[in-house]
Each structure stands twice: as C-alpha cells, then as structure tokens.
Amino acid sequence: MFQVEQSDYLTIIRLKNPMLCLSSAVFGGGLRLIKNIINCTLSDQFLEFPEEMIDFCKNLAIKHDCCQQSTAVLLTAVPQKYGVWSESGYCFVTAGLGNAVPLLKKKENKVEEKLFCFPGTINTISLIPKALSETALIEAFGLVKISIASIVSQWSFALYGEKNICVGTPTDCSLVICPLSKNQLSFAGLNTEIGEETVKNISEALFSVISKKYPSFYRSNRPI
C-alpha cells in the first residue's frame, strides 16, 4: 500500500496508488487525492508567515521528487526519531507537548510555565485500510482529534493535576487517508469496526510517544 523513507528530519510516505485524504496540513490540506505525505522537522528554520511555509513546502516536495499537486506536508519542531508507528503499521505519530493548551483559555489557573518545554506539536498520519465515503472520512478525522484530546488530557492530569487539563497543542496537524473504491463504508463512527481501529491506533501510538518522553506518565497510566 505504501513505502516509507525516514531520516532525522523527514518521514516520507509514498503511496502505491492515489488515496482520498482529509487533513489540516499546511500544504496540500483539505479534502483531496494524494500520493505522497511528508512529515518534516524544522531544525533551524522559523517559518512565521503562511507564504513562507507554502514556499518551503513546495521546494521540499520538488527536492524529494513529489508532485506538488498530490503531496501533503506536515511541519513540526519535533525530531522524527521521536516518531512512533502503531502496532498495526497504519498510524504514525510525532509529538511534542511543550505548548499544550486546554480547550478554552482560562483567566485564572493558567498552565504553569514549567509545562512549556519546547518543542511542541502533535502530527498524526492515519492510513485507513478500507475505502470510506467522504462523510465517513470526516467521521474518522473527528475520531483522531477525540483520541488526541483523550491521551493529552490524561498526560496533563497525571503530571499537573486537574487545574491544567490540556487537550492538544495550537499547531497540531492531523491527516487521514483511505483507498479509492466504489465499495465504500458509509460510516466510521465510534461504534464501527473501522472507527474503533482508528481510535486504537492513534491512542496506542500517541501514548507510546508521550510515555517515552515522560516516564512518570507511563508509570501512572500503564496498561494493567
């Protein structure tokens, strides 16, 4: 279904055939067909404006022989060595929680400064093995976001208590893809097999990433 190329600064997923993709990627985002996914670590670059990000991503795609029109690029400050694949091999996650935030800003009980240990950003790539309708793909994308919020909230509660419950970072980027077929699944919600697998893969990979960086989180939340 796909091939993976990886270095300290890049994870490139090359799909055998075009797949339907829904993502919040800074380049190639939205609902579209794609053949390449690039998760890139920005080492020395600081791309402040959208135009700079777009130009950087275009040049990145060209440099690595990826067609711009069929490539999605996710950016992060997190080294790719901190990336983890789910056991199924269908989900890849890189995560930093230095800029983790609650769902709503609070005037009081602000997250303490000690929480901010850069880098930050949670990038998730979910490969759904079965064809989905556009509606079902949107459902699956929503489950990815719910899964991220669930794991990050557990992390922030375990380390900082109930006053600092976080659900993600402001720069999180998620991508979900599935194969093309006339035989599509119409639903991918929580009670469906594909929905449950999506949640399991994201939760498993993100839990593993966070546990590597924060051993105390693993000790307090390890599976029984």
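From a predicted model like this one, the values you see are computed outputs, not experimental measurements.

**Q** I keep staring at the overall build of the protein chain and nothing clicks. Help me out?
**A** Secondary structure assignment for the protein chain yields four helices and eight strands. In the protein chain, the order of α-helices and β-strands from amino to carboxyl end is β-β-β-α-β-β-β-β-α-β-α-α. On C-alpha atoms alone, the protein chain measures out to a radius of gyration of 17 Å, which is about the 17 Å that the 2.2 N^0.38 rule sets for 224 residues. Based on the C-alpha atoms only, the size of the protein chain along its principal axes is roughly 50 × 45 × 30 Å. By the burial criterion, 47% of the 224 residues in the protein chain qualify as buried. The long-range fraction of contacts in the protein chain, counting pairs at least 24 apart against all pairs at least 6 apart in sequence, stands at 73%. Of the roughly 11800 Å² of accessible surface on the protein chain, a fraction of 55% belongs to carbon and sulfur atoms.

**Q** Would you mind showing me how to read helix 2 (residues 134–160) here?
**A** Because the α-helix completes a turn every 3.6 residues, residues three or four places apart line up on one side. The terminal C-alpha atoms of helix 2 lie 39 Å apart, and with 27 residues this matches the ideal 39 Å at 1.5 Å per residue to within 8%. Downstream of helix 2 by one or two residues, Gly 161 has phi in the positive range, about 85 degrees.

**Q** Help me understand the nonpolar core in this model?
**A** It is characteristic of soluble globular proteins that their nonpolar side chains tend to be buried jointly. With 33 residues, the main nonpolar core has Leu 97, Leu 132, Val 152, Trp 155, Leu 206 and Ile 210 as its most contacted residues. At the level of secondary structure, the elements contributing two or more residues to this core comprise strand 2 (10–23), strand 6 (91–97), helix 2, strand 8 (173–178) and helix 3 (193–213). Sorting elements by how many residues they give to this core places helix 2 first, with nine residues. Setting aside residues no more than four positions away along its own chain, Leu 132 makes contact with Leu 20, Leu 137, Ala 140, Cys 178, Pro 179, Gln 184, Leu 185, Ala 188 and Ile 194. One finds Ile 13, Ile 37, Ala 72 and Ile 177 within the second-largest nonpolar core, a separate group that totals 15 residues.

**Q** Explain the pattern of salt bridges to me, please; I cannot follow it from the model alone.
**A** One side chain can pair with another of opposite charge once the charged atoms of both are near each other. This model, assessed by the stated rule, comprises one salt bridge. With its nearest N and O atoms 2.7 Å apart, the salt bridge here joins Arg 14 to Glu 5. The exposure class assigned to Glu 5 is partly exposed, which follows from its relative accessible area of 36%.

**Q** Please clarify how helix 3 should be interpreted in this entry.
**A** Taking 1.5 Å of rise per residue, the 21 residues of helix 3 would be expected to cover 30 Å, and the 31 Å separating its terminal C-alpha atoms lies within 8% of that figure. Restricting attention to buried positions, one finds in helix 3 the residues Ile 194, Gly 195, Thr 198, Asn 201, Ile 202, Ser 203, Ala 205, Leu 206, Phe 207, Val 209, Ile 210 and Ser 211.

**Q** Got a minute to help me understand the side chain of Gln 80 in this structure?
**A** Tracing the backbone shows Gln 80 in the loop between strand 4 (71–76) and strand 5 (84–85). On the basis of relative accessibility, which here comes to 1%, the residue Gln 80 falls in the buried class. Those residues in contact with Gln 80, other than ones at most four positions away along the chain, are Gln 6, Ser 7, Asp 8, Tyr 9, Leu 10, Thr 11, Asn 39, Cys 40, Thr 41, Phe 92 and Thr 94.

**Q** When you look at the environment of Leu 60 in this model, what are you seeing that I'm missing?
**A** For Leu 60, the position within the fold is in helix 1 (residues 50–63). For Leu 60 and Glu 139, which are 79 residues apart along the polypeptide, the C-alpha to C-alpha distance reads 30 Å. Apart from residues no more than four positions distant in its own chain, Leu 60 is found in contact with Leu 10, Ile 38, Cys 40 and Val 73.

**Q** How should I be thinking about the environment of Thr 135 in this particular structure?
**A** Among the secondary structure elements, Thr 135 is positioned in helix 2. Thr 135 sits in the exposed class, given a relative accessible area of 52%. For Thr 135 and Cys 166, which are 31 residues apart along the polypeptide, the C-alpha to C-alpha distance reads 28 Å.

The rules behind the values
- Residues numbered from 1 in each chain as written.
- Predicted model: local features only at pLDDT ≥ 70, side-chain atom pairs only at ≥ 80, totals over all residues.
- Heavy atoms only, no water.
- Helix = DSSP H or I, 4+ residues; strand = E, 2+ residues; numbered from the N terminus.
- Rg over C-alpha atoms; globule rule 2.2 N^0.38 Å.
- Buried < 20%, exposed > 50% of the residue type's maximum accessible area, 1.4 Å probe, protein only.
- Contact = heavy atoms within 4.5 Å.
- Areas by Shrake-Rupley, 256 points an atom, 1.4 Å probe, with all protein chains shown as cover.
- Expected span 1.5 Å × (residues − 1).
- Core = buried A, V, L, I, M, F, W, Y, C linked by side-chain atoms within 4.5 Å.
- Salt bridge = Lys/Arg side-chain N within 4 Å of Asp/Glu carboxyl O.

Without other data, these values stay purely geometric and don't point to any function.
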